[in-house]
Amino acid sequence: MPRTTLRPARRRAAIDEPARSTLTPETWIGAATEVLIDQGIDAVRVDVLAKTLAVTRGSFYWHFKDREALLTAVLNAWRDAATEQVIHRFEGQQADPSVLIGELISLPFRGRAAERAARVELAIRAWARRDALARQAVDEVDARRLSYISQCFSALGFPIAEARARAFILYAYEVAESLLSTQGTAAQKRERSALLQRLVQARLEPA
């Protein structure tokens, strides 16, 4: 009898220990992000993710306190990858502000990485329409991006209020390109981006 009661415990330990040693918080965050993209926030559950990763539910709690902690980590990872790292990379270039503006406008067209980034963003914005935690993250990311773009226009000599308005136009264009990604050929998209770059940097006569 003692042997039969010990075997399941040993078997569970054998299952859980490799999961604890090989899976990382980033693994769970990545899996949760993929489920979010493909199925929506309601499908981002511990049991679904554990099945996807072929581990026990217990291995999840080795890394996260609960589902909310995981969702917070997903939002933080998105914020870092889609905003802070991008801004850090641009700031490191120390390029002319007009060049940076051109690169910002081109972000939606940078291949598969841009396509996936757009899918993640759209999924998170859909989530934000019904959840306060996601809504706060989206609002903070939007504000951070708009602030950085405004700084680029300010560096070109535009007054603060006008720099903010131009930044909003540019950012709204980027969001629209993600939402309307199937509209237009590659050539038409290039034409749109080139036109926008000329428009947002044009010097206007006082009203």
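See the structure shown above.
Undergrad: Even after reading the chapter, I still don't get the overall build of the protein chain, so can you show me in this structure?
TA: In terms of regular secondary structure, the protein chain is built from 10 helices and 0 strands. Across the protein chain, helices and strands are ordered from the amino to the carboxyl terminus as α-α-α-α-α-α-α-α-α-α. Classification of the 207 residues of the protein chain by burial places 35% in the buried group. For the protein chain, the share of sequence-separated contacts (at least 6 apart) that also reach a separation of at least 24 residues comes to 67%. When the accessible surface of the protein chain is summed, it comes to about 12,600 Å², and 56% of that surface belongs to carbon and sulfur atoms.

Undergrad: Just checking my understanding: could you explain the nonpolar core for this structure?
TA: For soluble globular proteins, the rule of thumb is that nonpolar side chains tend to be buried together. Counting residues in hydrophobic clusters, the biggest one holds 32 residues, and the most contacted among them are Trp28, Val44, Leu49, Leu70, Ile124 and Trp127. Where this core is concerned, the elements lending two or more residues are helix 2 (25-39), helix 3 (46-53), helix 5 (67-93), helix 7 (111-128) and helix 8 (132-155). By size, the runner-up hydrophobic cluster in this structure holds 19 residues, among which are Phe158, Leu170, Tyr171 and Leu196.

Undergrad: Explain the packing of aromatic side chains to me, please; I cannot follow it from the model alone.
TA: Centre distance and the angle of the planes are the two values used to describe a pair of aromatic rings. This model, assessed by the stated rule, comprises 4 aromatic pairs. Ring centres 5.3 Å apart and planes at 75° place the aromatic pair Trp28 and Phe60 in the edge-to-face group. With Trp28 in helix 2 and Phe60 in helix 4 (residues 57-60), the pair connects residues that are 32 residues apart, well separated along the chain. Where Phe153 meets Phe158, the ring centres are 6.1 Å apart and the plane angle is 65°; that geometry is what we call edge-to-face. The residues Phe153 and Phe158 share a single accessibility class, namely buried. Put simply, the rings of Trp28, Phe60, Tyr61 and Phe64 touch in pairs and so form one group of aromatic residues. Positioned over the ring face of Phe90 is Arg89, at 5.5 Å from the centre of the ring. Its guanidinium or amino end placed over the ring of Phe158, Arg203 lies 4.1 Å from that ring's centre, counting from NZ or CZ.

Undergrad: Even after reading the chapter, I still don't get the pattern of salt bridges, so can you show me in this structure?
TA: Should their charged atoms come close, side chains of opposite charge can pair. In total, this model carries 13 salt bridges according to the counting rule given. Between Asp142 and Arg125 there is a salt bridge; the shortest N-O distance is 2.6 Å. Of this pair, Asp142 sits in helix 8 while Arg125 is found in helix 7, placing the two residues 17 residues apart along the sequence. Judged by its relative accessible area of 14%, Asp142 falls in the buried class. Since its relative accessible area comes to 17%, Arg125 is described here as buried. Because the salt bridges share partners, they merge into one network encompassing Glu121, Arg125, Asp142 and Arg145.

Undergrad: How should I be thinking about the side chain of Lys189 in this particular structure?
TA: Along the polypeptide, Lys189 turns up in helix 10 (residues 186-201). Here Lys189 occupies a buried position and makes no salt bridge, while the nearest side chain of opposite charge, Glu177, is found at 5.4 Å. Every residue in contact with Lys189, bar those within four places of it in the chain, is listed here: Phe109, Tyr173, Ser181, Gln183 and Gly184.

Undergrad: Which parts of the structure should I look at to understand helix 5?
TA: An α-helix turns once every 3.6 residues. As a result, residues three or four positions apart point the same way. Its 27 residues place the ends of helix 5 38 Å apart at the C-alpha level, agreeing with the 39 Å of an ideal helix rising 1.5 Å per residue. Where helix 5 bends most, at Asp80, the angle is about 35°. Of the positions making up helix 5, those classed as buried are Leu70, Leu71, Ala73, Val74, Leu75, Trp78, Thr83, Val86, Ile87 and Phe90. Each element contacted by the buried residues of helix 5 is listed here: helix 2, helix 3, helix 4, helix 6 (97-106), helix 7 and helix 8. N-capping of helix 5 is provided by Asp66, with a side-chain oxygen placed 3.3 Å from the backbone N of Glu68. Residue Gln94 follows helix 5 closely and has a positive phi angle near 50°.

About the thresholds
- Residues numbered from 1 in each chain as written.
- Predicted model: local features only at pLDDT ≥ 70, side-chain atom pairs only at ≥ 80, totals over all residues.
- Heavy atoms only, no water.
- Helix = DSSP H or I, 4+ residues; strand = E, 2+ residues; numbered from the N terminus.
- Buried < 20%, exposed > 50% of the residue type's maximum accessible area, 1.4 Å probe, protein only.
- Contact = heavy atoms within 4.5 Å.
- Areas by Shrake-Rupley, 256 points an atom, 1.4 Å probe, with all protein chains shown as cover.
- Core = buried A, V, L, I, M, F, W, Y, C linked by side-chain atoms within 4.5 Å.
- Phe/Tyr/Trp six-rings, centres within 6.5 Å; stacked < 30°, edge-to-face > 60°.
- Lys NZ or Arg CZ within 6 Å of the ring centre and 35° of its normal.
- Salt bridge = Lys/Arg side-chain N within 4 Å of Asp/Glu carboxyl O.
- Lys, Arg positive; Asp, Glu negative; His and termini not counted.
- Expected span 1.5 Å × (residues − 1).
- Bend = angle between axes of the 7 residues up to and from the residue.
- Polar contact = N/O pair within 3.5 Å; in protein donor to acceptor, adjacent residues only side chain to side chain.

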